[in-house]
Amino acid sequence: MRLLLISNSTNAGEAYLEYPKRNIADFLAASSTAGNRVDTVLFVPYAAVTFSYDDYQAKVAARFAEFGVKVDSVHRYENPAEAVRKAQAIVVGGGNTFHLAKTMQDQGLYEPICEAVIGRGVPYIGWSAGSNMSCPTICTTNDMPIVEPLSFKALNLVPFQINPHYLDAHPDGHAGETREMRIEEYIAANKGMNVAGLREGCMLLVEDGKMSLIGERPLRLFRYGQPPRELTAADDLSFLL
């Protein structure tokens, strides 16, 4: 199983998918070298809400064209599950995680994606909501539940939760809960689950049964009954698998 789980698509002041494009290109090239030839990826655009799936596909395709990879999109198929079964690689974009989960569930994509990624080693790339979708559930998304999915279950490609765009800040004058407080609520209610606070500009690479952090900022790991830990790109994160 090969996964590239990215916190965010865009760093402040940068173009769309600018900072992770080299990592994405290298990840897909490595998949090709390993025998999973990738010249076209199947994109899942269902996290888009205020813009069209066509526009989303075009935006991603423009970036992937820079390293010679075409972007097909699952929304163009009458049978999306069959498109997944034929995919060379699967890419799930960010947006609203609840909308993404509901539409993927409605289209029956969970089983074929898991079969492809876990069963056949088809590479999986996700950013933001797409990274949430790799977890056991979508319960650690930052998004508003604008629609109601059939359940909060996600693909369960990794056995821990991710909180993308993780922030430590507590803005002046803000009396509400911090991100850390919300995650502490989650682990209090789900005591056996780890939560990885994945800061912007960072990503997780899973391959050969190992996991590593890519990026200059540390990952903040939350476990019930323990103080949060800061882990860096120098640490082996495979214990979370």
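Residues numbered from 1 in each chain as written. Predicted model: local features only at pLDDT ≥ 70, side-chain atom pairs only at ≥ 80, totals over all residues. Heavy atoms only, no water.

Draft legend 1. Geometry of the environment of Gly225. Note on placement: Gly225 falls in the loop between strand S10 (219-222) and strand S11 (229-231). For Gly225, a relative accessible area of 72% puts it in the exposed group. Considering only alpha carbons, one finds Gly225 and Ile187, 38 residues apart in sequence, at a separation of 8.9 Å. (Helix = DSSP H or I, 4+ residues; strand = E, 2+ residues; numbered from the N terminus. Buried < 20%, exposed > 50% of the residue type's maximum accessible area, 1.4 Å probe, protein only.)

Draft legend 2. Examining the packing of aromatic side chains more closely. Tallying each qualifying case throughout the model produces 7 aromatic pairs. We note Lys59 situated over the ring of Tyr16; from NZ or CZ to the ring centre the distance is 4.3 Å. Between the NZ or CZ atom of Lys191 and the centre of the ring of Tyr224, over which it lies, the distance is 4.9 Å. (Phe/Tyr/Trp six-rings, centres within 6.5 Å; stacked < 30°, edge-to-face > 60°. Lys NZ or Arg CZ within 6 Å of the ring centre and 35° of its normal.)

Draft legend 3. Molecular detail of helix H2 (residues 53-64). Taking 1.5 Å as the rise per residue, H2 with 12 residues should run 16 Å; its terminal C-alpha atoms sit 16 Å apart, in good agreement. Listed in full, the buried residues belonging to H2 are Tyr56, Gln57, Val60, Arg63 and Phe64. Along the axis of H2, the buried positions cluster into a sector of 125°, meaning they face one direction only. In this structure, the buried side of H2 is in contact with helix H1 (21-33), strand S2 (40-44), strand S3 (70-73), strand S4 (90-92) and strand S5 (124-127). (Expected span 1.5 Å × (residues − 1). Arc of directions from axis to C-beta. Contact = heavy atoms within 4.5 Å.)

Draft legend 4. Region of the structure containing the nonpolar core. In terms of nonpolar packing, the biggest core is built from 47 residues, with Ile90, Met104, Tyr124, Met133 and Leu204 touching the most fellow members. For this core, the leading source of residues is helix H5 (residues 110-120), giving 5 residues. In this view, Leu204 contacts Leu3, Leu4, Leu5, Phe160, Ile162, Leu198, Met211, Ser212, Leu213, Leu219 and Leu237; residues no more than four positions away in its chain are not counted. Listed in part, the 25 residues of the second largest apolar core include Ile6, Tyr16, Phe64 and Trp127. (Core = buried A, V, L, I, M, F, W, Y, C linked by side-chain atoms within 4.5 Å.)

Draft legend 5. Up close: the sheet that holds S4. Pairing within the open sheet is mixed, and its 7 strands lie in the order S3-S2-S4-S5-S1-S8-S9. Whereas interior strands pair on both sides, the edge strands pair on one side only; in this sheet they are S3 and strand S9 (210-214). Across the sheet, the mean angle from the axis of one strand to that of its neighbour is 20°, orientation sign disregarded. Here 3 bridges tie S4 to S5, and the two strands are oriented parallel to one another. Opposite Ile90, over in S5, you have Tyr124 as the bridge partner. Against the sheet, H1 engages strand S1 (3-6), S2, S5, strand S8 (203-207) and S9, with an angle of about 170° to S1. The sheet contacts of H5 involve S1, S4 and S5, and relative to S4 the element is tilted by about 125°. (Pairing = 2+ DSSP bridges. Axes fitted to C-alpha atoms, helices over the stretch in contact; angles between N-to-C directions.)

Draft legend 6. The arrangement of the sheet that holds S10 in detail. One open sheet accounts for 4 strands, arranged S6-S7-S10-S11; its pairing is mixed. Only two strands of the sheet have a single partner each, and these edge strands are strand S6 (161-164) and S11. Strand after strand, the sheet turns through a mean of 25° between neighbouring axes, direction not considered. Relative to strand S7 (residues 195-198), S6 is paired through 4 bridges, and the arrangement is parallel. Opposite Pro164, over in S7, you have Leu198 as the bridge partner.

Draft legend 7. Fine view of H5. Regarding H5, the residues found buried are Tyr110, Pro112, Ile113, Cys114, Ala116 and Val117. Contact partners of the buried residues in H5: S1, helix H3 (80-85), S4, helix H4 (97-106) and S5.

Draft legend 8. View of a nonpolar patch on the surface. A contiguous nonpolar surface patch, about 290 Å² in accessible area, is contributed by Val49, Met144 and Ile146. Residue placement: Met144 occurs in the loop between helix H6 (129-132) and S6. Owing to a relative accessible area of 60%, Met144 belongs among the exposed residues under this scheme. (Patch = residues over 30% accessible without salt bridge, like charges linked within 9 Å, V, L, I, M, F, W, Y side chains within 5 Å. Areas by Shrake-Rupley, 256 points an atom, 1.4 Å probe, with all protein chains shown as cover. Salt bridge = Lys/Arg side-chain N within 4 Å of Asp/Glu carboxyl O.)

Draft legend 9. Spatial organisation of the pattern of salt bridges. Applying the stated criterion across every chain, the model contains 16 salt bridges. Ionic pairing is found between Lys102 and Asp106, a salt bridge with its closest N-O pair at 3.3 Å. Taken together, the residues span about one helical turn, with Lys102 and Asp106 both in helix H4 at a distance of 4 residues. Linking Arg199 and Glu230 is a salt bridge whose minimum nitrogen-to-oxygen distance equals 3.0 Å.

Nothing here speaks to function; it is all geometry.
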